[in-house]
Amino acid sequence: MIALIADDDVFNRELLGRMLKRLGWLADEVSGGIPAVRACESARYDVVLLDLNMPDMNGQEAARRIRLQPDPLETEGSGGKPLRIIAVTGDDALDVKAIELFDDFLQKPFILSELQAKLAK
């Protein structure tokens with residue numbers, strides 16, 4: 001399983017990367033929404049952990065653009081699971097419009113058991 005971590009905070013990226021590794025996942029890291037969209041154009045991820053508040057492109061817009069990309073696993077006979085996008089946020093109040101773009105939400109500060117539960121869904 002491979003994940004993409006998109007967060008403008010290097011500490012958050014490193015922490016999520018270590019947590020994912022501990023759970024047996026591989027992870028790529030990018031520092032913003034624009035690099036996240038580009039990464040999803042060139043690689044197939046099982047899950048994208050996408051920070052909602054990034055300066056170059058917010059997580060909602062990045063999720064929207066990622067969702068518009070063709071999913072190679074939707075081709076006939078692929079048998080794979082669709083891409084999951086998990087919003088990462090420190091905000092208590094979430095935008096209702098953003099909910100439809102994401103499969104789940106991970107609240108900061110990160111807790112390993114919560115991340116594990118989100119990935120297991």
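Here is a short report on the structure shown in this document.

Basis of the calculations
Residues numbered from 1 in each chain as written. Predicted model: local features only at pLDDT ≥ 70, side-chain atom pairs only at ≥ 80, totals over all residues. Heavy atoms only, no water. Phe/Tyr/Trp six-rings, centres within 6.5 Å; stacked < 30°, edge-to-face > 60°. Buried < 20%, exposed > 50% of the residue type's maximum accessible area, 1.4 Å probe, protein only. Pairing = 2+ DSSP bridges. Helix = DSSP H or I, 4+ residues; strand = E, 2+ residues; numbered from the N terminus. Axes fitted to C-alpha atoms, helices over the stretch in contact; angles between N-to-C directions. Contact = heavy atoms within 4.5 Å. Salt bridge = Lys/Arg side-chain N within 4 Å of Asp/Glu carboxyl O. Parallel < 35°, antiparallel > 145°, perpendicular 65-115°, else oblique. Left-handed = near helix turned anticlockwise from the far one by under 90°. Nonpolar A, V, L, I, M, F, W, Y, C, P; charged D, E, K, R; others polar.

This brings us to the packing of aromatic side chains. Summed over all chains, the structure comprises 1 aromatic pair. Between Phe102 and Phe105, the ring centres sit 5.8 Å apart and the planes meet at 50°, which makes this aromatic pair tilted. Each member of the pair, Phe102 as well as Phe105, is classed as buried.

Attention shifts here to the sheet that holds strand 2 (residues 26-30). One open sheet holds the 5 strands; their spatial order is 2-1-3-4-5, and the pairing between them is parallel. The two strands at the open ends of the sheet, each matched to only one other strand, are strand 2 and strand 5 (104-107). Adjacent strand axes in the sheet meet at a mean angle of 20°, parallel and antiparallel pairs treated alike. Direction of pairing for strand 1 (residues 2-6) relative to strand 3 (residues 47-51): parallel, over a ladder of 4 bridges. Its bridge partner being in strand 3, Ala6 is matched across the sheet by Leu50. Sheet strands touched by helix 5 (residues 112-120): strand 3, strand 4 (84-89) and strand 5. Its angle to strand 5, the strand with the most contacts, is close to 170°.

Counted according to the given criterion, the structure contains 8 salt bridges. As a salt-bridge pair, Glu61 and Arg65 come within 2.8 Å of each other at their nearest N and O atoms. In this pair, Glu61 and Arg65 both sit in helix 3 (residues 59-68), 4 residues apart, roughly one turn of the helix. By relative accessible area, Arg65 is classed as partly exposed at 38%. Here Lys121 makes a salt bridge to Asp104, at a shortest N to O gap of 2.9 Å. Taken as a pair, Lys121 in the segment after helix 5 and Asp104 in strand 5 lie far apart in primary sequence, 17 residues in all. Taking the relative accessible area as the measure of exposure, Lys121 reaches 62% and is therefore exposed. Asp104 sits in the buried class, given a relative accessible area of 8%.

Once that is clear, we can look at the packing of helix 1 (residues 10-22) against helix 5. Where helix 1 contacts helix 5, the axes come no closer than 10 Å and their chain directions differ by 65°. Taken as axis vectors, helix 1 and helix 5 run roughly perpendicular relative to one another. The element helix 1 and its partner helix 5 pack so that their crossing is right-handed. Between helix 1 and helix 5, the contacting residues are Leu16, Met19, Leu20 and Arg22 on the first element and Leu112, Leu115 and Leu119 on the second. Class assignment for the residues of the contact of helix 1 with helix 5 results in 6 nonpolar, no polar and 1 charged.

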